[in-house]
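Reading the structure
Okay, here's what each chain looks like letter by letter:
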There are 2 protein chains.
Amino acid sequence: MNGSGLRTVAQQRQAQVDGVLNRFFSLAKNRAAAFGPEYVQLWESLEENTNGGKRFRPRMVFAAYEALGGTDLEAAAYVGGAFELLHTALIVHDDVIDHDFVRRGIPNISGAFRNRALDAGASNEVAEHNGVSAAVIAGDLALFNAYRLIDRSGVGDAVRGRLLEVMDDALFASAAGELIDVEFSIAADMPRVDDILTMERLKTAVYSFECPLRAGAILAGASEDVVTTLGDFGREIGIAYQIVDDLLGVFGEAAETGKTTIGDLREGKRTVLVAYATSTAEWPTIAPLIGKSDLTEDEAAAVRELFISSGARSFAQGLARYYANRALARLAEPHIPPALRAELHPVADAVLGRVK
Amino acid sequence: MNGSGLRTVAQQRQAQVDGVLNRFFSLAKNRAAAFGPEYVQLWESLEENTNGGKRFRPRMVFAAYEALGGTDLEAAAYVGGAFELLHTALIVHDDVIDHDFVRRGIPNISGAFRNRALDAGASNEVAEHNGVSAAVIAGDLALFNAYRLIDRSGVGDAVRGRLLEVMDDALFASAAGELIDVEFSIAADMPRVDDILTMERLKTAVYSFECPLRAGAILAGASEDVVTTLGDFGREIGIAYQIVDDLLGVFGEAAETGKTTIGDLREGKRTVLVAYATSTAEWPTIAPLIGKSDLTEDEAAAVRELFISSGARSFAQGLARYYANRALARLAEPHIPPALRAELHPVADAVLGRVK
């Protein structure tokens, strides 16, 4: 996916999706102007948050669609844009749930509106409430319009109905995963490895990989077995991706991942590493450091060493490879056209290449 | 609308809407069972919150639809159900924004999940966070499926497209209104009367009255001028309704309205009464009591007297009557069929009857 020829295809696809989303946001901002400057600012903030991502889900839609012979790039861009808006809605509301005011180092919607309220002289408490409220509203707008972009893609009734089913599957699973994640915080015990995998599959893999790939295949008019196999591939590689994300959250290079390698530990994030470690002799030493909000760099380094000596790191690495290989095995099935295999093999390779 | 003959029609309509929503929630709960008992409970809680209302918005859809000759009651029930789910989504997220755990005297979704977490031994802080998180997720599910019910109503492409535009108008306005309401809390000055009316129109009147009536008319195949006039009627009567709501929040009978007449004062709710009072000689006496969280019954009685002596109450009563009469004037226009006039006149009369 990084060859110069392929990059051109990727850029073309991205430009198409950007076009759809730019028009969508332009219209919304014009329309919002009649309701006052705050509302325009909310839409601007929502647009910034939508444009901050890597258009990963639209890329999955396009990958399946074009490799399966689809040629209506505008329709694919609408469907891709719909998944991008769904993603925005979910992360904006996830930040509400996590009470986060920053994402990727810059203020998210909650942060932007909190800062705006602080500038207006509000107390910190009132300003935070203002920010979180704005984010609740903005996420609703993004979510609603995700559905709307599918409807506006111009596809016929039967395909539209199936695409809406896929979007529904995406939100239904993601809501379930988010709820499981929230439940982890009140559970008396640390979750088990399979609980973590279930949560990561539902919360992220289904809507980020499985559903966009299925949607692209349905839009291309693919046979049911291809749609199903692509969905399976997406789910497996999506789980692998999330395990790698857990690993990089502790062992990654901040310069590469854009996030610190201490944040997950400080917030006590439930990961495959943590879940595995609970079954090892090192756990009594690790446990008090997980979720320690003032964890020092030295303590973080100690946790990393304990994850290594306990075998948690190599277990997680092995598990990520296992799911990536399962994904590749689906691609190898005979009913998968070679063009589709060629398009998606690098996606799995990229995940495998990040296992470290 | 309370005559025995009309009640039968109302009951038939309600049963039709209940049927659509019951089937929707049954399917969702069955589907959720595969994701664990918490998810089923979330759907149950969402269903309870949806069933707690008076099906007011579906009644508006049906009123316009049947009076304009519509006979596909199942389609009308889907569209009415869609507005009911939109309403649920908006109040669930409004409660998130207001940090409320109770609605109509019983625990809302935040409250149910907070109590559940407390029972599981969580601290109050963790339990509240758990409850609010569940409500964010549940509201998303309701919002998304509001759209979906329109799509499932079985209507043709052109009508479906227009109904989705109306739903979009509803959410677009409501989000703007919610944002204005949130902004009131950081504004240095008390809002003016017209700011209050704008907020109340956008936050509630558009999605509760204007849009359901327009949707019913569109579904019935009404001409554009009837759709527009009905929308105008809905907006005007919706504003009147909200002004009456402000009045009843201070002067109502708790037994009749189901809410106390001290809550709005304690929380410092921005209402037409308050906005008017700021321009009067009584304001310096009233101001310190608005938003006083430990306001006593004696102090509340004093505020009521000051609202009366300052003219705020009679102004608000007059304003409510003004908007209700404006609404009635729209109904009197010649292109409004007599059956529609007969159906909606009692709606305006009911609002006027509550002015006290």
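Residues numbered from 1 in each chain as written. Chains lettered and ligands numbered in written order. Predicted model: local features only at pLDDT ≥ 70, side-chain atom pairs only at ≥ 80, totals over all residues. Heavy atoms only, no water.

Under an unreviewed UniProt entry, chain A has the name Geranylgeranyl diphosphate synthase type II and belongs to Glaciihabitans tibetensis. The UniProt entry for chain A carries the following text under Sequence similarities (unreviewed entry): "Belongs to the FPP/GGPP synthase family." UniProt's Cofactor (unreviewed entry) comment on chain A is quoted here verbatim: "Mg(2+)". (UniProt positions renumbered as here; feature names shortened; annotations may be inferred.)

To characterise two packed helices, one gives the angle between the axes of the helices and the distance between these axes. Residue and element names in this part refer to chain A. Where helix 6 (residues 124-151) contacts helix 7 (residues 157-184), the two axes come as close as 9 Å, and the packing angle between them is 160°. With respect to helix 7, the element helix 6 is oriented roughly antiparallel. Relative to helix 7, helix 6 is oriented so that their crossing is right-handed. Seen from helix 6, the contacting residues are Leu 143, Ala 146, Tyr 147, Ile 150 and Asp 151; seen from helix 7, they are Arg 160, Leu 163, Leu 164, Met 167 and Leu 171. Of the residues belonging to the contact of helix 6 with helix 7, the class tally is eight nonpolar, no polar and two charged. (Axes fitted to C-alpha atoms, helices over the stretch in contact; angles between N-to-C directions. Helix = DSSP H or I, 4+ residues; strand = E, 2+ residues; numbered from the N terminus. Parallel < 35°, antiparallel > 145°, perpendicular 65-115°, else oblique. Left-handed = near helix turned anticlockwise from the far one by under 90°. Contact = heavy atoms within 4.5 Å. Nonpolar A, V, L, I, M, F, W, Y, C, P; charged D, E, K, R; others polar.)

On to helix 8 (residues 193-219) of chain B. Residues and elements named next belong to chain B. Maximum bend of helix 8: about 65°, positioned at Ala 205. For helix 8, a buried count of 23 out of 27 residues is recorded, marking the element as mostly surrounded by other parts of the structure. Among the residues trailing helix 8, Gly 221 stands out with phi positive, at a value near 75°. (Bend = angle between axes of the 7 residues up to and from the residue. Buried < 20%, exposed > 50% of the residue type's maximum accessible area, 1.4 Å probe, protein only.)

In this section: the relation of the copies chain A and chain B. Least-squares fitting of chain A to chain B yields an RMSD of 0.0 Å, with the transformation described by 0.0 Å of translation along the axis and a rotation of 180°. Taken together, the rotation and translation relating the two chain copies correspond to the operation of a two-fold axis. It is A:Phe144 whose C-alpha, among those of chain A, lies nearest the rotation axis, at 3.0 Å. Interface overlap between copies: 100% of the residues of chain A at the interface are likewise at the interface in chain B, consistent with a symmetric, same-surface contact. (Least-squares fit on C-alpha atoms with pLDDT ≥ 70 in both.)

Residue-level contacts link 52 residues of chain A with 52 residues of chain B. Carbon and sulfur atoms supply 66% of the area buried between chain A and chain B, which totals about 4,900 Å² over both sides. Its largest share of buried area at the contact with chain B, chain A owes to A:Phe144, A:Tyr147 and A:Phe172, together 17% of the area lost on that side. For the pair chain A and chain B, the number of links is 14 salt bridges. (Buried area = accessible area lost by both parts, 1.4 Å probe. Salt bridge = Lys/Arg side-chain N within 4 Å of Asp/Glu carboxyl O.)

A:Phe307 and B:Phe307 are the most contacted members of the largest nonpolar core, which has 257 residues in total. The contacts of B:Phe307, once residues within four sequence positions are left out, are B:Val250, B:Phe251, B:Leu265, B:Leu273, B:Val274, B:Ala277, B:Ile286, B:Ile290, B:Ala312 and B:Arg313. (Core = buried A, V, L, I, M, F, W, Y, C linked by side-chain atoms within 4.5 Å.)

Another aspect to go through is the packing of aromatic side chains. To describe a pair of aromatic rings, one takes the distance between the centres and the angle between the planes. Throughout the structure, instances matching the rule amount to 29 aromatic pairs over all chains. On the basis of an interplanar angle of 25° and a centroid distance of 5.6 Å, the ring pair of A:Phe172 and B:Trp43 is categorised as stacked. Taken together, the positions of A:Phe172 in helix 7 and B:Trp43 in helix 2 (residues 37-51) put the pair across two chains. The buried category is assigned to A:Phe172, whose relative accessible area is 3%. For B:Trp43, a relative accessible area of 1% translates into the label buried. Taken together, a centroid distance of 4.4 Å and an interplanar angle of 20° make the contact between B:Tyr276 and B:Phe315 stacked. Of this pair, B:Tyr276 sits in helix 12 (residues 272-277) while B:Phe315 sits in helix 15 (residues 312-331), placing them 39 residues apart in sequence. (Phe/Tyr/Trp six-rings, centres within 6.5 Å; stacked < 30°, edge-to-face > 60°.)

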